[in-house]
Every structure is written in structure tokens, then in C-alpha cells.
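Next come the chains, spelled out residue by residue.
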Amino acid sequence: MASTPAGTKKQINPHIPNNYLFPIDFLLFVIQNRDLYLMAYNVQVCFSPASFSLFRDDEAIVVVIDVLRATSAICTAFENGVKKIIPVSTLDEAFDYKKQGFLVAAERDGSIVEGFHLGNSPFSYMDENLKDKTIVLTTTNGTKAINAAKNAHKVAIGSFLNLNTIAEWLCEQERNVILLCAGWKDKFNMEDSLFAGALAEQLLITKKFTSDCDSARASVHLWNFASEDLYPFLRNSSHRNRLGRLNLDKDIRYCLTPNQTFCIPVLEEGVLIKLEKDLA
Ligand code: 3SL
């Protein structure tokens, strides 16, 4: 019998080459890695509206995120019976609507803009008098981000307040998802990125989604690091401090509390409405 030279593997079956992958091995490989084959949809995270064009996917659902406070206020408004919200980017547009007799909410740099009816505090939308009303809304970053995304297949509004509801809905949609953080004046911010991580994690865990996007991975890491207690984690973040200086700590705590509402605001022809289940 021929001896095996030192350093080479002994051939088990002389008719099958050593590097041949047995069908059973291949089957096991597929079973063990089945998640790789089942993951159909992509979730991406865009940290700033300024880079949104890089993420363009006309078939994707875009979730706009402005945790402090625009998207939290919008979720709260619909949960409390507001019928429609018209998001506008500029104060000039807001003034035009006001002149036409609309109820208009306007915020800049955290404060209500003088001459308008409402600001951006979620608590101001917990008001019986706003039931069935249409409100025009302009905010420093949130409404700009909504309008930046308006040509997407669908735009939905996300915040910690509707975290589980929006995650479940996205999982039913069979589409790629882009999580668009409103940030602060086109810069990265902590709270929107944290929420993006919380939502991305919920989608990825289902295995219906995958991600080829480092910002999605980074946001999930950030979320896992901070999720135990968001409020102290954000202690040194710029917008928590900005709102803190305006005595809006109560708003911050509310906006960071997951699953307070069960509605999904969506943009239909430039107007936000509450998604009805049969439209989903
Ligand atoms: O940037 C925005 O759109 C606002 O949410 C900012 S603030 O929280 O109302 O200051």
C-alpha cells in the first residue's frame, strides 16, 4: 500500500477527490445558514437628511424619525384624535396657511414661534379641542425631513412612542426600509440614531430583514449600549441639553418612553394621516 506523504490528508475514498463537498455537507451548510437565504429586505439608516439622496430607493418605505420632539408630537396628536397634519418646511408657508385660517403649529430652536397657535410639545396635543382638527406644522428639523422623503413609495412617522407598532407593521410590508433621522440642522444626533437602532434591531431579529449598511449596525450597537436607561445616557447630548435649558425635561422623558401610542402616521399626498388597518 502506498504511504501518505507527510503534510497531506489521507484520501478517505480513492474515487472522490478530497476537496469535493458531499451533498449532505452542502445540505447541512444550507440548513445552518438558512437565515442568509430567507433575508429578503434591506434596512438602512440615514443619519442626516443631508445624505438622504445617497440612500435613494424609490420602492422603499421611509420612516422619518425626530424623537425630540416632532415625530413624538405627531404620534401623540393622532393618538389623541387629530385628523390631519400638513407638514411644511418653512415659516413663510406656515404664515400663508395661517392667513387662510388654518390652525398652525410652529417651532424653531425648541420654542413656539410668536404668532402661532401651538408649538411642538407632545403634551399640547393631548387636548380634546384638537379632536378631528387639521393642523399645519413646521419644526426646525422634523418637518423638513418629512418633506425631503415625500417622493418615497411610502413615508411613515416613527418615535419611541410607537416603536412596537411600527416595527410590526414594517414586518408585514415586504419592502426595503430606510430609517431617516432628522438630526439637528443636518447634523447627526444621538436620540434619533438610538431610535433607529431600536427599530432596526426589531426588524433584523425577525430575519425578514438584513442590512448591508454600517450606519444601521452602528445604530443597533448604540441602542444596545444605551437601552437600559436612555435618559441618563443622553445626559450630555446636545438636544437634551437644549430642551433642558428651556425647562422641557418632562417632554424629554415622555418622548423617550417606548410604546405610549399605537398609531402609525403616514404621508398621503403631502398630508399626514393616521394609517387605518385596512389601508396597511
Ligand atoms: O427639530 C425639530 O423638528 C423639533 O422637534 C425640535 S424641538 O424638539 O421642538 O426643539
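Residues numbered from 1 in each chain as written. Predicted model: local features only at pLDDT ≥ 70, side-chain atom pairs only at ≥ 80, totals over all residues.

1. Quick word on the pairing of strand β8 (residues 177-181)
Note the following rule: Exposed residues have 12 or fewer other C-beta atoms within 10 Å of their own C-beta, buried residues have 20 or more, and partly exposed residues fall in between, where C-beta atoms are placed from the backbone. For the purposes of this entry, the term helix denotes a DSSP run of H or I that reaches at least four residues, the term strand denotes a run of E that reaches at least two, and both are numbered from the N terminus. Note: two strands are recorded as paired if DSSP finds a minimum of 2 bridges between them.
Within β8, 5 of the 5 residues are buried, leaving the element largely enclosed by the surrounding structure. With burial as the criterion, each face of β8 is covered, one bearing Val177, Leu179 and Cys181 and the other bearing Ile178 and Leu180. Two elements, strand β1 (residues 41-46) and β8, share 4 bridges in a ladder whose sense is parallel. Paired with Cys46 across the strands is Leu180, a residue of β8.

2. Some details on the nonpolar core
Spelled out, the test is: By definition, a nonpolar core groups buried Ala, Val, Leu, Ile, Met, Phe, Trp, Tyr and Cys residues that are joined through C-beta atoms within 7 Å. Once C-beta atoms have been placed from the backbone, residue pairs whose C-beta atoms lie within 7 Å are recorded as contacts.
Membership of the largest hydrophobic core comes to 74 residues, with the highest contact counts inside it found for Val62, Val63, Val64, Ile65, Leu179, Leu180 and Leu199. Ranked by residues supplied to this core, first place goes to helix α7 (residues 190-205) with 8 residues. Dropping the residues within four chain positions of it, Val63 is found in contact with Ala156, Gly158, Ile166, Val177, Leu179, Leu180 and Leu199.

3. Regarding the packing of helix α6 (residues 163-172) against α7
Which entries qualify depends on this criterion: Lines are fitted to the C-alpha atoms to define the axes, a helix being fitted only along its stretch in contact, and any angle between axes, read from their N-to-C directions, falls within 0 to 180 degrees. We call two directions roughly parallel when the angle between them is under 35 degrees, roughly antiparallel when it is over 145, roughly perpendicular when it lies between 65 and 115, and oblique otherwise. By convention, the crossing between two helices is left-handed when the near helix turns anticlockwise from the far helix through less than a right angle, and right-handed when the turn is clockwise. In this classification, Asp, Glu, Lys and Arg are treated as charged, Ala, Val, Leu, Ile, Met, Phe, Trp, Tyr, Cys and Pro as nonpolar, and every other residue, Gly included, as polar.
Interaxial distance between α6 and α7 falls to 10 Å at its minimum, and their mutual angle equals 40°. Judged by the inter-axis angle, α6 sits oblique to α7. Our pair here, α6 against α7, has a crossing hand that is right-handed. Taken together, the residues of α7 that come into contact with α6 (itself represented by Leu163, Ile166, Ala167, Leu170 and Cys171) are Ala198, Leu199, Gln202 and Leu203. Taken together, the residues of the contact of α6 with α7 sort by class into 8 nonpolar, 1 polar and no charged.

4. Some remarks on the site of the ligand
Filter applied, for reference: Here, nearness means that the C-beta atom of a residue, built from backbone geometry, sits within 6 Å of the molecule or strand in question.
As a matter of local geometry, the ligand sits amid 13 residues, with Ala70, Gly110, Thr139, Asn141 and Gly142 nearest to it. For the shell around the ligand, a count of residues per class yields 4 nonpolar, 6 polar and 3 charged.

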